[in-house]
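Residue-level listing of the chains:
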Amino acid sequence: MSRSRYLEWKKARLIRQIQQQRLDLAENKTLWLEKTERIDRGWQTVFGLRRYLVLGSSVMALYGIRHPSKMIRWSRRAFGAWSAIRLFKKTFSAK
């Protein structure tokens, strides 16, 4: 086999390999988008509410400086409520 034929063969093999990799990437892209759809929706929701989150966190920081014991109490209650909601969701999910 001459050098030029060998290089042509190698080039054709690499092109086939690249085409296969592109097909694999396209297939995995759809799978990736399906798996991360829920996270993307949550991120879009948070991103849409960022103005209110910044305002709310500023108000909470000022309130926390003035009333630290109340702030700790309310944060514990919020964490407890959040944990209870998660527990109910896991217990009564339809999966």
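Residues numbered from 1 in each chain as written. Predicted model: local features only at pLDDT ≥ 70, side-chain atom pairs only at ≥ 80, totals over all residues. Heavy atoms only, no water.

Focus: the overall build of the chain
Across its full length, the chain carries four helices and zero strands. For 95 residues, the compact-globule estimate of 2.2 N^0.38 gives 12 Å, and the C-alpha radius of gyration of the chain, at 27 Å, exceeds that figure by more than 25%. Of the roughly 9600 Å² of accessible surface on the chain, a fraction of 63% belongs to carbon and sulfur atoms. Charge-centre separation for the chain: the mean point of 22 positive side chains lies 16 Å from the mean point of 6 negative side chains. (Helix = DSSP H or I, 4+ residues; strand = E, 2+ residues; numbered from the N terminus. Rg over C-alpha atoms; globule rule 2.2 N^0.38 Å. Areas by Shrake-Rupley, 256 points an atom, 1.4 Å probe, with all protein chains shown as cover. Lys, Arg positive; Asp, Glu negative; His and termini not counted. Charge placed at Lys NZ, Arg CZ, Asp CG, Glu CD.)

A closer look at the confidence of the model for the chain
On average, the chain scores 90 in pLDDT, and the residues at 70 or more come to 98%. Of all secondary-structure elements in the chain, the lowest mean pLDDT belongs to helix α3 (residues 50–66), at 89, while helix α1 (residues 3–35) reaches the highest, 94. (pLDDT = per-residue confidence, 0-100.)

Some words on the packing of aromatic side chains
Counted according to the given criterion, the structure contains four aromatic pairs. Geometrically, the ring pair formed by Y6 and W9 is tilted, given 6.0 Å between the ring centres and 35 degrees between the ring planes. Taken together, the residues Y6 and W9, both in helix α1 and three residues apart, mark about one turn of the helix. Above the plane of the ring of F47 lies R50, whose end atom (NZ or CZ) is 4.4 Å from the centre. Note that R77 overlies the ring of W74, its terminal NZ or CZ placed 4.8 Å from the centroid. (Phe/Tyr/Trp six-rings, centres within 6.5 Å; stacked < 30°, edge-to-face > 60°. Lys NZ or Arg CZ within 6 Å of the ring centre and 35° of its normal.)

Details of the packing of α3 against helix α4 (residues 68–91)
Interaxial distance between α3 and α4 falls to 5 Å at its minimum, and their mutual angle equals 125 degrees. As the angle between them shows, α3 and α4 are arranged oblique. Residue-level inspection shows M60, Y63, G64, I65 and R66 of α3 in contact with α4, the latter providing P68, K70 and M71. (Axes fitted to C-alpha atoms, helices over the stretch in contact; angles between N-to-C directions. Parallel < 35°, antiparallel > 145°, perpendicular 65-115°, else oblique. Contact = heavy atoms within 4.5 Å.)

Some remarks on the environment of L62
Examined against the element boundaries, L62 turns out to sit in helix α3. Residues L62 and Y6 lie 56 residues apart in sequence; the distance between their C-alpha atoms is 74 Å.

Quick look at a positive patch on the surface
Where like charges cluster on the molecular surface, the positive patch consists of R3, K10, R13 and R16. Along the polypeptide, K10 turns up in helix α1. (Patch = residues over 30% accessible without salt bridge, like charges linked within 9 Å, V, L, I, M, F, W, Y side chains within 5 Å. Salt bridge = Lys/Arg side-chain N within 4 Å of Asp/Glu carboxyl O.)

Some details on a nonpolar patch on the surface
Residues W43, V46, F47, L49, Y52 and L53 make up a contiguous nonpolar surface patch of about 650 Å² in total accessible area. Elements supplying a minimum of two residues to the nonpolar patch: α2 (37–48) and α3. With three residues, the top contributor of residues to the nonpolar patch is α2. Within the secondary structure layout, W43 lies in helix α2.

Re the environment of L55
Positionally, L55 belongs in helix α3. Measuring from C-alpha to C-alpha, the distance between L55 and W43 comes to 18 Å, with twelve residues separating the pair along the chain.

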